[in-house]
Amino acid sequence: MCAFLRHLQAEPPRPAPYRAANYVPLKPWQVRGRRFTRRGRRGVDALEVAEFLDRVAHDLAEVYAALGSSRRETERIKDALKCWQSRRVREDSAARE
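Novice: What is the right way to read the overall build of the chain from this model?
Specialist: Looking only at helices and strands, one finds 3 helices and 0 strands in the chain. Going from N to C terminus, the chain has its helices and strands arranged as α-α-α. Counting only residues that meet the buried cut, the chain has 11% of its 97 residues in that class. A separation of at least 24 residues holds for 61% of the contacts in the chain among residues at least 6 apart in sequence. By element, 58% of the accessible surface of the chain is carried by carbon and sulfur atoms, the whole surface being about 8,800 Å².

Rendered as structure tokens:
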């Protein structure tokens, strides 16, 4: 019952954002190895950098969302286990009497 009530309080699942079929999330080595087009003495192409940072931010947001979901699921399972253990102890106590 405790787990059921906790489940009702959980956030509703968010719809996944649209993503092209050929989209592949960035890997850490891709971020570390990324190089940008040089623009003479002015440095790098600002548009390229902005697009890359947007992509990194998007992938990080997904990772944090998955982590949050995992943590909520862990809490739900822990609560269910505690409720089951409590019920089991009460049942065992009642059986002994």
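Novice: Hey, could you run me through helix α3 (residues 46–96) in this one?
Specialist: Residues spaced three or four apart along an α-helix face the same direction, because each turn holds 3.6 residues. For α3, which comprises 51 residues, the first-to-last C-alpha distance of 74 Å matches the rise-based estimate of 75 Å (1.5 Å per residue) to within 8%. Within α3 the residues assigned to the buried category are E48, F52, V56, D59, G68, D79 and C83. Structurally, the start of α3 carries an N-cap: the backbone nitrogen of L47 is 3.3 Å from a side-chain oxygen of D45.

Novice: Help me out: how do you make sense of a nonpolar patch on the surface in this one?
Specialist: Together, L60, Y64 and L67 give the surface a local cluster of nonpolar side chains, amounting to about 310 Å² of exposed area. Topologically, L60 is positioned in helix α3.

Novice: I tried to follow the environment of L53 on my own but got confused; where do I start?
Specialist: Tracing the sequence through the fold places L53 in helix α3. Overall, the relative accessible area of 52% leaves L53 in the exposed class. A C-alpha to C-alpha distance of 9.7 Å links L53 and V31, two positions 22 residues apart in sequence.

Novice: I would appreciate a short explanation of the confidence of the model for the chain in the present structure.
Specialist: Detailed reading of predicted coordinates is not advised where the pLDDT is low. Of the residues in the chain, 80% reach a pLDDT of 70 or more, and the chain-wide mean stands at 80. Mean pLDDT across the elements of the chain ranges from a minimum in helix α1 (residues 2–9), with 55, to a maximum in α3, with 90.

Novice: Even after reading the chapter, I still don't get the side chain of E48, so can you show me in this structure?
Specialist: Note that E48 resides in helix α3. Excluding anything up to four places from it in sequence, E48 contacts R34, R35, F36 and T37.

Novice: What am I meant to see in the environment of H58 here?
Specialist: Here H58 lies in helix α3. Taking relative accessible area as the criterion, H58 reaches 30% and is therefore assigned partly exposed. Once the C-alpha coordinates of H58 and P25 are considered, the two residues, 33 residues apart in sequence, prove to be 9.3 Å apart.

What counts as what
Residues numbered from 1 in each chain as written. Predicted model: local features only at pLDDT ≥ 70, side-chain atom pairs only at ≥ 80, totals over all residues. Heavy atoms only, no water. Helix = DSSP H or I, 4+ residues; strand = E, 2+ residues; numbered from the N terminus. Buried < 20%, exposed > 50% of the residue type's maximum accessible area, 1.4 Å probe, protein only. Contact = heavy atoms within 4.5 Å. Areas by Shrake-Rupley, 256 points an atom, 1.4 Å probe, with all protein chains shown as cover. Expected span 1.5 Å × (residues − 1). Polar contact = N/O pair within 3.5 Å; in protein donor to acceptor, adjacent residues only side chain to side chain. Patch = residues over 30% accessible without salt bridge, like charges linked within 9 Å, V, L, I, M, F, W, Y side chains within 5 Å. Salt bridge = Lys/Arg side-chain N within 4 Å of Asp/Glu carboxyl O. pLDDT = per-residue confidence, 0-100.

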